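What the coordinates show
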Amino acid sequence: MADRGRCMDSILIERLWRPLKQEAIYFEEPTDSFSARRTIKNWMTFCNIERPHSANLRGTPQVARWCARDQKMAA
């Protein structure tokens, strides 16, 4: 938490770190900074391009971004 009673400040980053640690870091157990960087990069790419999210109606964040962009351009 950033400060007492300010839990909403860190909620977004905590929602990112928990799955990153559980699905990538603890699973891969990188031994040095190069392998840790590669593991994190691969996981972030997977989450943004391949992994469906319930908040996006089971679509990927990449598809959601392109749909939002297309709607803005059409308006």
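Residues numbered from 1 in each chain as written. Predicted model: local features only at pLDDT ≥ 70, side-chain atom pairs only at ≥ 80, totals over all residues. Heavy atoms only, no water.

**So, the overall build of the protein chain**
Looking only at helices and strands, the protein chain features three helices and zero strands. Secondary structure elements in the protein chain, listed N-terminal to C-terminal, are α-α-α. In the protein chain, which comprises 75 residues, the proportion classed as buried is 15%. Contacts in the protein chain between residues far apart in sequence, at least 24 positions, make up 11% of those at least 6 positions apart. About 6,700 Å² of surface is accessible on the protein chain, with carbon and sulfur atoms providing 56% of the total. (Helix = DSSP H or I, 4+ residues; strand = E, 2+ residues; numbered from the N terminus. Buried < 20%, exposed > 50% of the residue type's maximum accessible area, 1.4 Å probe, protein only. Contact = heavy atoms within 4.5 Å. Areas by Shrake-Rupley, 256 points an atom, 1.4 Å probe, with all protein chains shown as cover.)

**Examining helix H2 (residues 33-50)**
Given 3.6 residues per helical turn, the α-helix brings residues three or four places apart onto the same face. In this model H2 runs 25 Å from its N-terminal to its C-terminal C-alpha over 18 residues, within 8% of the 26 Å that 1.5 Å per residue would give. Along H2, the residues that are buried comprise Ser35, Ala36, Thr39, Trp43 and Cys47. Down the axis, H2 shows its buried residues gathered within 105 degrees of arc, on one side only. Projecting away from the buried face of H2 at angles above 90 degrees are the exposed residues Ser33, Phe34, Arg37 and Lys41. (Expected span 1.5 Å × (residues − 1). Arc of directions from axis to C-beta.)

**Re the environment of Phe46**
Inspection of the secondary structure assignment puts Phe46 in helix H2. Measuring from C-alpha to C-alpha, the distance between Phe46 and Thr60 comes to 9.6 Å, with 14 residues separating the pair along the chain.

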